[in-house]
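# Secondary and tertiary structure notes
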Amino acid sequence: MSSAGVYPLQVASTYAPAERRQKIALLVPLLVVVNVVMFFITMYINNCPHNTVDDKCIAKFLRRLSFQPLSENPLLGPSTYTLQKLGALNVNKVVHEHQGWRLITCIWLHAGIIHLLVNMLSLLFIGIKLEQEFGFLRIGIVYLVSGLGGSLLSSLFLRNNISVGASGALFGLLGAMLAELLTNWSMYSNKCAALITLVLVVAVNLAIGILPYVDNFAHIGGFISGFLAGFVLLLKPQAGDMPYSNEDGFPFRRRHKLYQYILCVIALITLIAGFSVAMALVLRGGLNIVGLYRLGINYD
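Residues numbered from 1 in each chain as written. Predicted model: local features only at pLDDT ≥ 70, side-chain atom pairs only at ≥ 80, totals over all residues. Heavy atoms only, no water.

- The name given to the chain in an unreviewed UniProt entry is RHOMBOID-like protein, with the source organism recorded as Adiantum capillus-veneris.
- On record in UniProt, under Subcellular location (unreviewed entry), the comment for the chain is "Membrane". (UniProt positions renumbered as here; feature names shortened; annotations may be inferred.)

Okay, structure coming up:
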């Protein structure tokens, strides 16, 4: 949100003093690099020319980095088998083969070059200003918690497909931004404009989830997790944030409001309880888990 209270996504919350030196974002660019490197590793292991019948690979000049046929993967990426091999979310393997680590590894994999570009551009667009405002540690925790939350909800409702992608974590950053707006409400001017803009952005992104191959359960799970984590990690003192002094010459003391502490405690309890219940349901087979008849890919 700008100093006038208008909320473009590229600015998180710039109510801090203008003269304060802006932090350098390190985590978000690192996350982008890791995701890009993982995609190249995935494509190298996939080796389409060697593993595809009739050699129908796309962009054959890339040799073993070439893409699977569009009929198999329309997003220009690897095969389902390769994604499973490298840690895609497969509920059957999580439940029956005790591979719970897939709940985390899936958020570092992408189904195709298009999938990767969309997610990484979104991460840069959303994450850099948040990291500059709140630091790499807090944003890193929100990112991982949201990714896990998206994987858990996806595991409960999507049983016949594998799932990969960082969208759950990205939606978590959006949820954290909404929580930050609410918990630091008094520090914003033009509050309604900021809130309406953010809600519209979230609604548009959720609407995209009705498209084929998009995992909206991961989006919703990530958003809820990030929203709750935002109340815990992104609260700021409400008084004296500006370098002014009172009439006695002493600087104002920054303090958190009572409602901030209340929201923080409620969110933390809800987050822990929700994760515990969801994890228990997933590891016990979830909501009437059935056999996997056909594996597809969910691009979240």
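### Observations concerning the overall build of the chain
- Of the regular secondary structure elements, the chain holds 11 helices and 2 strands.
- Tracing the chain from N to C terminus, the helices and strands come up as α-α-α-α-α-α-α-β-α-α-α-α-β.
- The proportion of buried residues among the 300 residues of the chain is 48%.
- Sequence-distant contacts, at least 24 apart, represent 75% of the contacts inside the chain between residues at least 6 apart.
- Carbon and sulfur atoms provide 68% of the accessible area of the chain, an area that totals close to 14900 Å². (Helix = DSSP H or I, 4+ residues; strand = E, 2+ residues; numbered from the N terminus. Buried < 20%, exposed > 50% of the residue type's maximum accessible area, 1.4 Å probe, protein only. Contact = heavy atoms within 4.5 Å. Areas by Shrake-Rupley, 256 points an atom, 1.4 Å probe, with all protein chains shown as cover.)

### A look at the UniProt feature "transmembrane region" (unreviewed entry) in the chain
- The UniProt entry lists residues 24-45, 107-128, 135-158, 164-185, 192-211, 217-237 and 258-283 under the feature "transmembrane region" (unreviewed entry), expressed in the numbering used here.
- With 73% helix and 0% strand, the stretch residues 107-128 has end C-alpha atoms that lie 19 Å from each other.

### Structural notes on the environment of Val-95
- With respect to the helices and strands, Val-95 occurs in helix H4 (residues 91-96).
- By relative accessible area, which is 7% here, Val-95 ends up buried.
- Sequence separation of Val-95 and Ser-155 is 60 residues, and the distance between their C-alpha atoms is 9.7 Å.

### Looking at the environment of Pro-78
- Examined against the element boundaries, Pro-78 turns out to sit in the loop between helix H2 (48-51) and helix H3 (80-86).
- We classify Pro-78 as buried; its relative accessible area is 0%.
- Considering only alpha carbons, one finds Pro-78 and Gly-112, 34 residues apart in sequence, at a separation of 6.7 Å.
- With residues near it in sequence (within four places) discarded, Pro-78 still touches Phe-39, Thr-42, Met-43, Asn-46, Gln-68, Asn-73, Leu-83, His-110, Ala-111 and Gly-112.

### Brief notes about helix H11 (residues 258-283)
- For H11, with 26 residues, the first-to-last C-alpha span of 38 Å sits near the 38 Å given by 1.5 Å per residue.
- Those residues of H11 hidden inside the fold are in contact with H4, helix H7 (136-157), helix H8 (167-183) and helix H10 (216-233). (Expected span 1.5 Å × (residues − 1).)

### Focus on H10
- Its 18 residues give H10 an end-to-end C-alpha distance of 25 Å, which sits within 8% of 26 Å, the value for a rise of 1.5 Å per residue.
- A large share of H10 lies buried, amounting to 13 of its 18 residues.

### Concerning the packing of H8 against H10
- Axis separation between H8 and H10 bottoms out at 6 Å; the angle between their running directions is 35°. Considering only the axes of H8 and H10, their crossing is right-handed. Residue-level contacts link Ser-167, Gly-168, Phe-171, Gly-172, Leu-174, Gly-175, Ala-176, Leu-178, Ala-179, Leu-182 and Thr-183 of H8 to Ala-218, His-219, Gly-222, Phe-223, Gly-226, Phe-227, Gly-230 and Phe-231 of H10. (Axes fitted to C-alpha atoms, helices over the stretch in contact; angles between N-to-C directions. Left-handed = near helix turned anticlockwise from the far one by under 90°.)

### Thoughts on the nonpolar core
- Membership of the largest hydrophobic core comes to 46 residues, with the highest contact counts inside it found for Leu-123, Leu-130, Tyr-143, Leu-152 and Leu-173.
- Those elements that place two or more of their residues in this core are helix H1 (27-46), helix H6 (113-134), H7, H8, H10 and H11.
- Those residues in contact with Tyr-143 that lie beyond four places of it in its chain are Leu-31, Asn-35, Trp-108, Leu-123, Ala-166, Ala-169 and Leu-173.
- Within the second largest apolar cluster, 6 residues are counted, among which are Leu-109, Ala-111, Ile-162 and Val-164. (Core = buried A, V, L, I, M, F, W, Y, C linked by side-chain atoms within 4.5 Å.)

### Quick word on the state of the cysteines
- All chains considered together, the criterion is met by 1 disulfide.
- Each sulfur in the disulfide pair Cys-48 and Cys-57 lies 2.0 Å from the other. A torsion of -100° about the S-S bond marks the disulfide between Cys-48 and Cys-57 as left-handed. Of the two residues, Cys-48 and Cys-57, neither departs from the other in class, the shared state being buried. (Disulfide = S-S within 2.5 Å.)

### Notes on the packing of aromatic side chains
- The final tally for this structure, using the stated rule, is 4 aromatic pairs.
- Residues Phe-227 and Phe-231 carry aromatic rings whose centres are separated by 4.8 Å and whose planes lie at 80° to one another, so their mutual orientation is edge-to-face. Residue Phe-227 and its partner Phe-231 are both found in helix H10; the two are separated by 4 residues, about one turn of the helix.
- For Phe-227, a relative accessible area of 21% corresponds to the partly exposed category.
- Among the aromatic residues, ring-to-ring pairing joins Phe-223, Phe-227 and Phe-231 into one connected group.
- Stacked on the ring of Tyr-44, the Lys or Arg Arg-64 has its end atom at 3.7 Å from the ring centre. (Phe/Tyr/Trp six-rings, centres within 6.5 Å; stacked < 30°, edge-to-face > 60°. Lys NZ or Arg CZ within 6 Å of the ring centre and 35° of its normal.)

### Describing unusual backbone geometry
- You will see that Ala-59, though not glycine, has its phi angle at about 60°, which is positive.
- If you check the backbone angles, Leu-76 has positive phi at about 60° while not being a glycine.

### A short note on the confidence of the model for the chain
- Looking at the chain as a whole, the pLDDT averages 78, with 72% of positions reaching at least 70.
- The secondary-structure element of the chain with the lowest mean pLDDT is strand E2 (residues 296-299), recorded at 57, while H1 shows the highest, at 93.
- Here residues 240-248 scores under 50 on pLDDT; set against residues more than four positions off or in separate chains, the count is 17 contacts. (pLDDT = per-residue confidence, 0-100.)

### Some points on the pattern of salt bridges
- All chains considered together, the criterion is met by 1 salt bridge.
- Note that Glu-97 and Lys-93 form a salt bridge whose closest N and O atoms lie 3.8 Å from each other. (Salt bridge = Lys/Arg side-chain N within 4 Å of Asp/Glu carboxyl O.)

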